[in-house]
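# Structure at a glance
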Amino acid sequence: MENLGYAGGQVEPGEKGTQAADSRSVASPMNSSITLQTISDDTKTTTSTRDKWGRDIEFMLSCIAYSVGFGNIWKFPYTALKHGGGAFLLPYLIVLFIVGRPIYYLEMILGQFSSRGCVKLYDLAPAMRGIGVAQTIAMFVVMTYYAPVLAITFRYFVASFSSTLPWSECNPSWANCVNSSFVGRLEPTNGTAVGLQSSAELYFLKEVIHKAPSLEDGLGMPDWKLALCLLFAWIVVATILIRGAKSTGKASYFLAIFPYVIIIILLLQTLMLDGAMQGILYLITPQWDKLLSIEVWYEAVTQCFFSLSVCYGGIIAYSSFNNFSNNVHRDAVITSWLDTFTSIVADCIVFGVIGNLAYVSGQPDIQKLARDGAGLTFMTYPDAIAKFQFLPQLFAALFFLMLFIVGVGSNLGVTTSIITAIRDQRPQLRHWQVVLGTVTVGYFFGLLYLTPGGFDFLDVIDYYGAKYVTLTFAVLELATVAWIYGVDRICRDIRFMLGIETSFYWRVCWGLIAPAATLLILIFSFADFELQKVPMGYNVLGLFIYAIAVLQLPGWYCYAVWRRRSKQTESLRKAAHNALKPMDIWGPESDTVRLQYQAEEEQYQNSQPLERSTVQRIKKRMFNKG
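Residues numbered from 1 in each chain as written. Predicted model: local features only at pLDDT ≥ 70, side-chain atom pairs only at ≥ 80, totals over all residues. Heavy atoms only, no water.

An unreviewed UniProt entry lists the chain under the name Transporter, with Anopheles gambiae as the source organism. Entered under Sequence similarities (unreviewed entry) in the UniProt record, the comment concerning the chain runs "Belongs to the sodium:neurotransmitter symporter (SNF) (TC 2.A.22) family." (UniProt positions renumbered as here; feature names shortened; annotations may be inferred.)

Structure representation (structure tokens):
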């Protein structure tokens, strides 16, 4: 399953193949001062070579910081608990192996080989450029609500330094409230225990987000404290991004490594809590009957998909700043497995704490204490921490600091993808201008989610503008790369770039398993589709965002055909066909390396028979066999 041998035609692997790879490394864009001629769909511009990571390890650390985020901390534990506990890990690991990791590696290859972001990447098939534009729209949607969650996290972090945790005790104005610091089980007396809420839950709903009962009366005005926290979050992101990949790479040492220091501390503390092992055992105890449910496998693929953050554009953007000869195979394997390891450790921490909460509160049903999404992070976990007898402020501060740091790392990848897409299309814009413009827009849109109706609005926007857009265009991305551009050509690109042959495992995952699995997820999602339970205007807005994204594909296809037809050298049918072929400038960033690549590719194409049967074409595309 590893990439084993060097390719060198009739030459031994250790000779010319290695030499060619080395020469390409010397001529790589990182070491080149040559200017690169790039052609957008509108204009021809000349721009300097792309910004690069200071060291190769900074790329891997940045990918770790990007992939490890809120999904690992709050979505994975609840999803695993709901769908079979320990039994859920088996389909998740299988899906990671045959879908998640192959897509992760594929996007790294594409970004590094072409030094392009997710929009400019489609120089490999200009008619499909709408895929990259739609993915950028999805990333913009994610960017608008990711930072507001960071803002709430930062507010909790600051509140953790209070002499008494503010969510540990009830406000006198709160009805039916019980102190989260209370240890023990309330016995119902004349119905008094019915409808009680913890002070941690009410603090989040009433003091932090001022949650409205519904969206019937609109969103409302944003909370000024959260607005300041949001401003701080964007200042942190802008400060790191302002100098491009080099400053992001330097920050990655802290953003990728320090959270694991906190995670280890929290894990050790959690294991010493009374009832913690019961919570962890409850999580990992397999419910084997759940493996027969299609929904469990659907959730495993979805969780793997969104946990690794593939098909959003962030991985492509980050890898586009790589040295041409960087070993992305190693990076993809390490990062994907580390992401899974983090999810499992986060599970142990969260459910160890919930087990302690069940122990001290006398609640036998642990599942009743677990909440989905933000509720797990901002209600269940603070409720449990308030019951700690030893320095609850310390562990609250550590938890929310860890959450803030992993959130910043993920937000950097999201924002970088958007900035890269803009600069690829408009290279004349200065980097700092694009950064400041993006974070400013992100800040003002983010205020919408800090209103009393903000969390309900977030669910709607995420449902239509992120989930469905991403799944739809993930299918189209994989189909374009694997079957229009071709698995066989991807393998030749890898051999040219890294000097290694691609194994059968990667070929079959890229060509068959990953596209089929992603298509099944999309079909299952549409079959399960239902309008959100909010006023119809919000559903219309969500559907409008989805429609705008979907229309990018036919719109850019027509534009690509029109551009070719405007030269008056091709018929409409031929232009529609040729618009799916790579542009003349497709290939590595360095002029020298690109010319060498194009010469080798032309030589290969000329050596192939012109007429092939369908079976022969499939064999060639999948396995490089005629």
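It is worth spelling out the packing of helix α4 (residues 86–114) against helix α10 (residues 294–308) at this point. Each pair of packed helices can be summarised by the angle the axes make with each other and by the distance between the axes. It is the contact of α4 with α10, at a shortest axis distance of 8 Å, that shows an interaxial angle of 45 degrees. It follows that α4 is oblique to α10 by the angle criterion. You can see that α4 and α10 cross each other, and the crossing is right-handed. Facing F88, P91, Y92, I94, V95, L96, G100, R101, I103 and Y104 of α4, the residues of α10 in contact are V296, W297, E299, A300, V301, Q303, C304, F305, S307 and L308. A per-class count over the contact of α4 with α10 returns 15 nonpolar, three polar and two charged. (Axes fitted to C-alpha atoms, helices over the stretch in contact; angles between N-to-C directions. Helix = DSSP H or I, 4+ residues; strand = E, 2+ residues; numbered from the N terminus. Parallel < 35°, antiparallel > 145°, perpendicular 65-115°, else oblique. Left-handed = near helix turned anticlockwise from the far one by under 90°. Contact = heavy atoms within 4.5 Å. Nonpolar A, V, L, I, M, F, W, Y, C, P; charged D, E, K, R; others polar.)

Its twelve residues place the ends of helix α13 (residues 374–385) 16 Å apart at the C-alpha level, agreeing with the 16 Å of an ideal helix rising 1.5 Å per residue. Within α13, twelve of the twelve residues are buried, which leaves the element mostly enclosed by the surrounding structure. By the burial criterion, the buried members of α13 are A374, G375, L376, T377, F378, M379, T380, Y381, P382, D383, A384 and I385. (Expected span 1.5 Å × (residues − 1). Buried < 20%, exposed > 50% of the residue type's maximum accessible area, 1.4 Å probe, protein only.)

Before going further, it helps to spend a moment on the UniProt feature "binding site: Na(+)" (unreviewed entry) in the chain. Here, the residues flagged by UniProt with the feature "binding site: Na(+)" (unreviewed entry) are V68, N72, S307 and S410. Despite a sequence span of 343 residues, these residues sit close together in the fold, their greatest C-alpha distance being 11.3 Å. Lining residues of the second largest cavity drawn from the annotated set just named are V68. Tracing the chain through its elements places S307 in helix α10. (1 Å grid on protein atoms, 1.4 Å probe; cavity = no way out; pocket = protein on both sides within 12 Å on 5 of 7 lines; lining within 4 Å.)

Moving on, we come to the packing of aromatic side chains. If you walk through the whole model with that rule in mind, you get 53 aromatic pairs. A ring pair is formed by W53 and F59, whose centres lie 6.4 Å apart and whose planes are at 50 degrees; its orientation type is tilted. Accessibility assignment for this pair places W53 and F59 in one class, buried. On the basis of an interplanar angle of 85 degrees and a centroid distance of 5.7 Å, the ring pair of F204 and F455 is categorised as edge-to-face. Placement of the pair is F204 in helix α6 (residues 199–208) and F455 in helix α16 (residues 454–498), with a sequence separation of 251 residues. The two residues F204 and F455 agree in class, both being buried. Site record: aromatic cluster; members linked through ring pairs are Y156, W167, Y203, F204, F378, Y381, F399, F400 and F455. (Phe/Tyr/Trp six-rings, centres within 6.5 Å; stacked < 30°, edge-to-face > 60°.)

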